[in-house]
2 protein chains.
Amino acid sequence: MSNQISASKQTSGKDVTSTSKKLIVATLLYPDFELMDVFGPLEMFGMSRFINQGLDLKFVSQTGDVVASSAGPKSVCDYSFSDFETCDILMVPGGLGSRQEVNNKELIDWVQAQSERATYVVSVCTGAAILAQADVLTNHCATTNKIAFDWVQGFSASTNWHKKARWVKSDNIYTSSGVSAGTDMSLAILEHLYGREHAEKVAHLTEYVWNHDPDNDGFAI
Amino acid sequence: MSNQISASKQTSGKDVTSTSKKLIVATLLYPDFELMDVFGPLEMFGMSRFINQGLDLKFVSQTGDVVASSAGPKSVCDYSFSDFETCDILMVPGGLGSRQEVNNKELIDWVQAQSERATYVVSVCTGAAILAQADVLTNHCATTNKIAFDWVQGFSASTNWHKKARWVKSDNIYTSSGVSAGTDMSLAILEHLYGREHAEKVAHLTEYVWNHDPDNDGFAI
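The rules behind each value
- Residues numbered from 1 in each chain as written.
- Chains lettered and ligands numbered in written order.
- Predicted model: local features only at pLDDT ≥ 70, side-chain atom pairs only at ≥ 80, totals over all residues.
- Heavy atoms only, no water.
- Helix = DSSP H or I, 4+ residues; strand = E, 2+ residues; numbered from the N terminus.
- Rg over C-alpha atoms; globule rule 2.2 N^0.38 Å.
- Buried < 20%, exposed > 50% of the residue type's maximum accessible area, 1.4 Å probe, protein only.
- Contact = heavy atoms within 4.5 Å.
- Buried area = accessible area lost by both parts, 1.4 Å probe.
- Salt bridge = Lys/Arg side-chain N within 4 Å of Asp/Glu carboxyl O.
- Polar contact = N/O pair within 3.5 Å; in protein donor to acceptor, adjacent residues only side chain to side chain.
- Axes fitted to C-alpha atoms, helices over the stretch in contact; angles between N-to-C directions.
- Left-handed = near helix turned anticlockwise from the far one by under 90°.
- Nonpolar A, V, L, I, M, F, W, Y, C, P; charged D, E, K, R; others polar.
- Expected span 1.5 Å × (residues − 1).
- Least-squares fit on C-alpha atoms with pLDDT ≥ 70 in both.
- Phe/Tyr/Trp six-rings, centres within 6.5 Å; stacked < 30°, edge-to-face > 60°.
- Lys NZ or Arg CZ within 6 Å of the ring centre and 35° of its normal.
- Pairing = 2+ DSSP bridges.

- Named according to an unreviewed UniProt entry, chain A is Isonitrile hydratase originating from Vibrio aquimaris.

**Quick word on the overall build of chain A**
Here comes step 1: The secondary structure content of chain A amounts to nine helices and eleven strands.
Here comes step 2: A compact globule built from 221 residues would reach a C-alpha radius of gyration of about 17 Å, and chain A, at 16 Å, matches this within 12%.
Here comes step 3: Its C-alpha atoms give chain A principal-axis dimensions of roughly 40 × 40 × 35 Å.
Here comes step 4: Out of the 221 residues belonging to chain A, those deemed buried represent 62%.

**Concerning the interface of chain B and chain A**
Here comes step 1: Counting from both sides, the interface comprises 41 residues of chain B and, opposite them, 41 residues of chain A.
Here comes step 2: Carbon and sulfur atoms make up 63% of the surface buried where chain B meets chain A, a total of about 3200 Å² over both sides.
Here comes step 3: Among the residues of chain B in contact with chain A, Met36, Glu207 and Phe219 of chain B are the three that bury the most area, contributing 23% of the side total.
Here comes step 4: Here chain B and chain A share four salt bridges between them.
Here comes step 5: A salt bridge links aspartate 78 of chain A to lysine 74 of chain B; its shortest N-O distance comes to 3.9 Å.
Here comes step 6: Taken together, chain B and chain A are joined by 16 residue pairs in polar contact (both at pLDDT 80 or more).
Here comes step 7: Breaking the side of chain B that touches chain A down by element, the ones donating at least two residues are helix 3 (35-47), strand 2 (55-61), strand 4 (74-75), helix 8 (181-194) and helix 9 (196-205) of chain B.
Here comes step 8: At nine residues, helix 3 of chain B tops the list of elements feeding residues into the side of chain B that touches chain A.

**Digging into the packing of helix 3 (residues 35-47) of chain A against helix 8 (residues 181-194) of chain A**
All names here are of chain A.
Here comes step 1: At their nearest, the axes of helix 3 and helix 8 sit 8 Å apart, and the two run at 30° to each other. For the crossing formed where helix 3 meets helix 8, the hand is right-handed. Contact residues: Met36, Gly40, Pro41, Met44 and Phe45 in helix 3; Gly182, Thr183, Ser186, Leu187, Ile189 and Leu190 in helix 8.
Here comes step 2: Tallied by class, the residues present in the contact of helix 3 with helix 8 amount to seven nonpolar, four polar and no charged.

**A short note on helix 8 of chain A**
Residues and elements named next belong to chain A.
Here comes step 1: In this model, helix 8 (14 residues) spans 20 Å end to end at C-alpha, consistent with the 20 Å of a helix rising 1.5 Å per residue.
Here comes step 2: Summarising burial for helix 8: twelve of the 14 residues are buried, a large majority.
Here comes step 3: Residues of helix 8 that are buried: Ala181, Gly182, Thr183, Asp184, Met185, Ser186, Leu187, Ala188, Ile189, Leu190, Leu193 and Tyr194.
Here comes step 4: Residue glycine 195 follows helix 8 closely and has a positive phi angle near 100°.

**Description of the relation of the copies chain B and chain A**
Here comes step 1: Of the transformation placing chain B onto chain A, the axial shift is 0.0 Å and the rotation is 180°, giving an RMSD of 0.0 Å. Here the transformation between the copies is reduced to the relation of a two-fold axis. Closest to the rotation axis within chain B is the C-alpha of serine 75 of chain B, separated from it by 2.3 Å.

**What about the pattern of salt bridges?**
Opposite charge on two side chains allows them to pair when their charged atoms are near.
Here comes step 1: According to the stated counting rule, one finds 18 salt bridges over all chains in the structure shown.
Here comes step 2: One salt bridge in this structure joins aspartate 56 of chain A and lysine 58 of chain A, with 3.8 Å as the shortest N-O distance.
Here comes step 3: Of the residues examined, aspartate 56 of chain A reaches a relative accessible area of 27% and is grouped as partly exposed.
Here comes step 4: Put simply, Lys146 and Asp217 of chain A together with Glu207 of chain B are held in one network by salt bridges that share partners.

**Remarks on the environment of aspartate 215 of chain A**
Here comes step 1: You can see aspartate 215 of chain A is positioned in the segment after helix 9 (196-205).
Here comes step 2: With 47 residues separating them in the primary sequence, aspartate 215 of chain A and valine 168 of chain A have C-alpha atoms 8.5 Å apart.

**Side note on the packing of aromatic side chains**
Here comes step 1: For the structure on display, the rule yields 15 aromatic pairs over all chains.
Here comes step 2: Consider the rings of phenylalanine 149 of chain B and tryptophan 161 of chain B, whose centres lie 6.3 Å apart with planes at 75°: the pair is edge-to-face. Taken together, the positions of phenylalanine 149 of chain B in helix 7 (residues 149-153) and tryptophan 161 of chain B in strand 9 (residues 160-161) put the pair twelve residues apart, joining distant regions of the chain.
Here comes step 3: Phenylalanine 149 of chain B sits in the buried class, given a relative accessible area of 5%.
Here comes step 4: With relative accessibility at 12%, the residue tryptophan 161 of chain B sits in the buried group.
Here comes step 5: What links up through ring pairs into an aromatic cluster is the set Phe39 and Phe59 of chain A together with Phe39 and Phe59 of chain B.
Here comes step 6: The ring of tryptophan 151 of chain A has arginine 99 of chain A sitting right over it, with the charged end atom 4.1 Å from the ring centre.

**Section: the sheet that holds strand 2 (residues 55-61) of chain A**
Residues and elements named next belong to chain A.
Here comes step 1: A sheet is described by the order of its strands in space; here seven strands give the open sequence 5-2-1-6-7-11-10, paired in mixed fashion. The two strands at the open ends of the sheet, each matched to only one other strand, are strand 5 (79-80) and strand 10 (167-170).
Here comes step 2: In the packing of helix 3 onto the sheet, the strands contacted are strand 1 (23-28), strand 2 and strand 6 (89-92), and the crossing angle to strand 2 comes to about 155°.
Here comes step 3: Running at roughly 150° to strand 6, helix 5 (residues 105-117) makes contact with strand 1, strand 2, strand 6 and strand 7 (120-123) of the sheet.

Rendered as structure tokens:
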């Protein structure tokens, strides 16, 4: 589906965007995901198209059926695990449901396999627990939300967990702190892909006050 | 559906919350709505349940069918116009689709009728054009997003349009500036309903840096 792009995994953002194909952002949905973990980043990735860099936003769930968020609203999925091929950016949100999904072997295996094929792997909030359980964060730096920090870091002793960080970039893996932090991180991903001016334009179009410093974390204890 | 609550329209937020029923937040969805206009506020309204004030989040569209946002992701609706009764908080998002919907007589008539029955009427971004077209903003103060400001204010000459405002409260009507401003406004609505401490707790749980001053608008020209 995106072999040209995946092949450029080790190159800079500019190489990634040299293809004329849109980057595919696949967001994993599972029951009781957290709304803004998903839709904050997707707002920014979606708005990017108005500055000539459209991304293709897709939802994937285990069965491909509709998935309800923990707050209630339901989203339609584009793919099940079995009919999904690959993506450029794999995004794993957090939410109450992550407490169940860390024990869902089919989901963890899918995340592990897709993480190896994706150019970038991204988690928001307790999505980091799912990445850790899938061995994606082994020997990487990472962060997660404040309230569930101890629970999440229990899934990977070999990860360098940052307690004070809005988000952490570790090679091609981005992990953010809780809920809203994912939106700031998504603009940093756009900056990496398309440059600072591009990310600032997206923030301006959405009238979003972007915290562009990953170390500026007012919620750290 | 919520007659006890609607009957308290003229009272303070504390009276509204004296009922044991959850307040119903009905968000109007139409093709090409903007993601964060909807899901920023719903994140905050949803998180409120962890501080003992749950709100019931529902989606309504003209036909009740699935609705696609302008960025692609699709949401499942709970009601069509014909099977929807009433709500406590009516929320009208913006998005590219608002350019079409201002000419959709059935939608405008529905917004007008529901606005008269709801306790609070809320718009984000160009959702204000729909409210203005439905005569909801007549003799009220209001704002909208920066880029479409001239277009939106053309729908109501009798509205006092605020060009510099993160959001505007005018009696029971809240209108916000572009996209992300709706999230700040939604916390101000929670503050009105349940107090400042409650809203601050919701912001803290979501690791959200709340701009709680409606006049603090860094995007005004």
